[in-house]
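A closer look at the structure
Residues per chain are reported as follows:
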Amino acid sequence: MRSISQRAYKFNWENRGFISGDHIHLASSSMPSFPILQRSSEEKILYSDRLTLERQKLTVCPIIDGEEHLRLLNFQHNFITRIQNISNLQRLIFLDLYDNQIEEISGLSTLRSLRVLLLGKNRIKQISNLENLKSLDVLDLHGNQITKIENVSHLCDLRVLNLARNLLSHVDNLNGLDSLTELNLRHNQITFVRDVDNLPCLQRLFLSFNNISTFESVCCLADSSSLSDITFDGNPIAQESWYKHTILQNMMQLRQLDMKRVTEEERRMASVVAKKEEEKKRESHKQSLLKEKKRLTINNVARKWDLQQHRIPNIAPNQDRKVSDSSQDPSQLHGSTVSAFPEETGSLDSGLTNDLQGLSVTDTHLVEVDGDTLSLYGSGALESLDRNWSVQTAGMVTTVSFTFIEFDEIVQVLPKLKIKFPNSLHLKFKETNLVMLQQFNALAQLRRVDQLTIDPQGNPVVNFTLWKYYVLFRLSHFSMQKINGTEVTQNDMIMAERLFGILAHVASSELPQYRMISILGDARKKQFRYLLETKGKKPGLVNEENNDSKRLVGENTNRAMLNYTTRDFYNERLEEIKEKKKFCKMYMEDLVKEATEINMKNEALQKLWPQMFIELVRDAVIEIRNKNSYMKLCLQQITDQN
């Protein structure tokens, strides 16, 4: 399609008169391949400045002598393959070679006055050899095979450029076209546009029927202050719901969009929608940053965990560990490098990409509440259970997930979990070092557990064939519904009882009463003591009641004997026992030493006592031998004491 400006330019010339090719005689020349153009003197006078050779079945340009005054030359609708034999027409202003078979722009270097060059519907593959045509006003190259815009930056007077129906995939190299007012790029394969904002006079841009799908690919248009008319119809972007509002919001100076006048109401609506889109974009930006922060934090937690487990050497902290979580998308946390979300990379704007690249996270634990799930990553996350959780948030939590936390540390906070999140029914464990069946005993202190998920990653206990049956047996009072996503059946419960029932019976029957009481909780202590009370009962009734009570509570009591002591608690108790043993030993040693000394003193006294007794009797007899002297001495002693 030829542009409006080109048609108007051609019309002005045609109004000056028309001469058909029927009035022209082409004679043979000394060069057999080139005919010679001959016109009568009258024709030259009548149509001195123009010549039309359209539809003459020409395969070459004829030799045109004596016509140096020509200003318009028309070769439309022929079969010309090469531009030649016109270098002498240096006054030529308008050259029309539309609908020929030209493959290369050439032979124009002497036409310095040329202002309109129409080469539409040819076979041209490259824009070239226009260096001397600095006065060009209109350049029409539509309907060719051009793949790249090039070699036009020197055309500072060019006002109209038509490159419609070519093979362009992108738009750039437009710098220097300071007078360009109309650019036609319809029916190409364009995916993005650049440099258009550097065209100070551009008013009309036609981009219909290309492959433009996002506004970001043509965002330079928003910086153009002169653009007033633009078309995007036939592009994927024009099918988007946000298309019109986005274009109008970013290009406020537009008067026409897709050949339709833009109304003030449309501008107002575009402004409203654009504000909402901006808010949505900011929120998306924020969420993307939070997702990335979450991913980085999880990597930190995972790396610290691996170091603790001696899985990896102590390497640089910026090396990420790939966290593969089959039950969780890495895009869920508030606290985790840009490659985390490859499916979104193409849609990220440069600002968000820069923010993500500059994001640095040093956190080594993470706490997240997502819907009804509380996720804890790293041992430091357990401290969050001491927070003042709102009643609404705590009440919504039904699933608690533990990742990269030692199970023994989790055991210590289970009482808090029971109080803080009373509605928690589903527990998940991943990378928690669940290594033996006894550890499941610790879960019995919770209020209720309907589902239990033990991820094989970092929990070797799941390699035991009977671990699920042990869980069902030990936690039978919870009436568990699912384990690792599999429904629990009545047959599973029966099998669990058959496998481990005798174990609980042996555990309870072999322990002394004081040991059982120390293990049981307060409620079960009362039950157990009740079983032992027989005072005030008839022997027959007591035995009968005891049997009934044992049937009611004996099973739970037996299971209660299967408890779990964490390693830290065991070590503390061990240290306490050692201290007590040390104290007892020292105390006994002191007692033995003291007893030994007493015994030695007693033996010495037995040896000295006879002689001591004789001396005592002797001294007493001597003292009272003179009664008066003895009495005076006694009185004197009393007086001295007073």
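Once a new chain begins, its residue numbering starts again from 1 and follows that chain's sequence as written. At least 70 in pLDDT is required for a residue's local features to be given in this predicted model, at least 80 for side-chain atom pairs to be given and counted, and no such filter applies to totals for whole chains, interfaces and linings, which use all residues. Side-chain numbers come from the whole structure's heavy atoms, not from hydrogens or water.

**What about the nonpolar core?**
Rules: Joining through side-chain atoms within 4.5 Å is the link that ties buried Ala, Val, Leu, Ile, Met, Phe, Trp, Tyr and Cys residues into a set, and such a set is a nonpolar core. Think of it in three bands: residues with accessible area under 20% of the maximum for their type are buried, residues over 50% are exposed, and the middle band is partly exposed, with areas taken using a 1.4 Å probe on protein chains only. Secondary structure elements follow DSSP: runs of H or I of four or more residues count as helices, runs of E of two or more count as strands, with numbering from the N terminus. Whether two residues are in contact is decided by their heavy atoms, any of which lying within 4.5 Å being enough.
Counting residues in each nonpolar core, the largest one holds 68 residues, and the members touching the most others are F75, L95, L117, V193, L205, L221 and F232. If you tally residues by element for this core, the top one is helix 3 (residues 243-250), at 3 residues. When neighbours within four sequence positions are excluded, F75 is seen to be in contact with L53, L58, C61, P62, I64, I80, I86, L95, D96, L97, Y98 and N100. Formed by 47 residues, the second largest nonpolar core is a distinct cluster that contains V367, L434, F500 and Y564.

**Points about the sheet that holds strand 12 (residues 204-206)**
Applied cut-off: Note on pairing: DSSP must find at least two bridges between two strands before they are called paired.
Spatially, 11 strands are ordered 3-4-5-6-7-8-10-12-13-14-15 in an open sheet, and the strand pairing comes out mixed. Looking along the sheet, the strands with just one partner apiece sit at the ends: strand 3 (50-52) and strand 15 (260-261). Pairing of strand 7 (residues 138-140) with strand 8 (residues 160-162) involves 3 bridges; the strand directions are parallel. Each bridged residue has a counterpart across the sheet, and for D140 the counterpart in strand 8 is N162.

**So, helix 4 (residues 264-308)**
Definition in use: In this scheme, a helix's expected span is set at 1.5 Å multiplied by one less than its residue total.
Relative to the 66 Å expected for 45 residues at 1.5 Å per residue, helix 4 spans 65 Å between its end C-alpha atoms, a close match to the ideal helical length. H310 sits one or two positions beyond helix 4 and adopts a positive phi of about 60°.

**Details of unusual backbone geometry**
Phi is positive for D258, which is not a glycine, with a value near 55°. By the element assignment, D258 lies in the loop between strand 14 (256-257) and strand 15. The phi dihedral of N484 falls on the positive side, at around 55°, and the residue is not glycine. Locating N484 in the fold gives a position in the loop between strand 21 (482-483) and strand 22 (486-487).

**Here's the deal with the pattern of salt bridges**
As a reminder of what qualifies: By definition, a salt bridge exists where a carboxyl oxygen of Asp or Glu is found within 4 Å of a side-chain nitrogen of Lys or Arg.
The final tally for this structure, using the stated rule, is 10 salt bridges. Note that E292 is salt-bridged to R295, the shortest N-O span being 3.4 Å. A residue pair is termed a helical-turn pair when its members lie 3 or 4 positions apart in one helix, as E292 and R295 do in helix 4 at 3 residues. For E292, a relative accessible area of 0% translates into the label buried. The exposure class of R295 is buried, given its relative accessible area of 12%. One connected set of salt bridges, linked through shared partners, spans R115, D137 and R159.

**Side note on the UniProt feature "coiled-coil region" (unreviewed entry) in the protein**
As a reminder of what qualifies: UniProt positions are given in the numbering used here, feature names are shortened, and annotations may be inferred rather than shown by experiment.
The UniProt record annotates "coiled-coil region" (unreviewed entry) at residues 262-295. Counting secondary structure, residues 262-295 comes out at 94% helix and 0% strand; the distance between its end C-alpha atoms is 46 Å.

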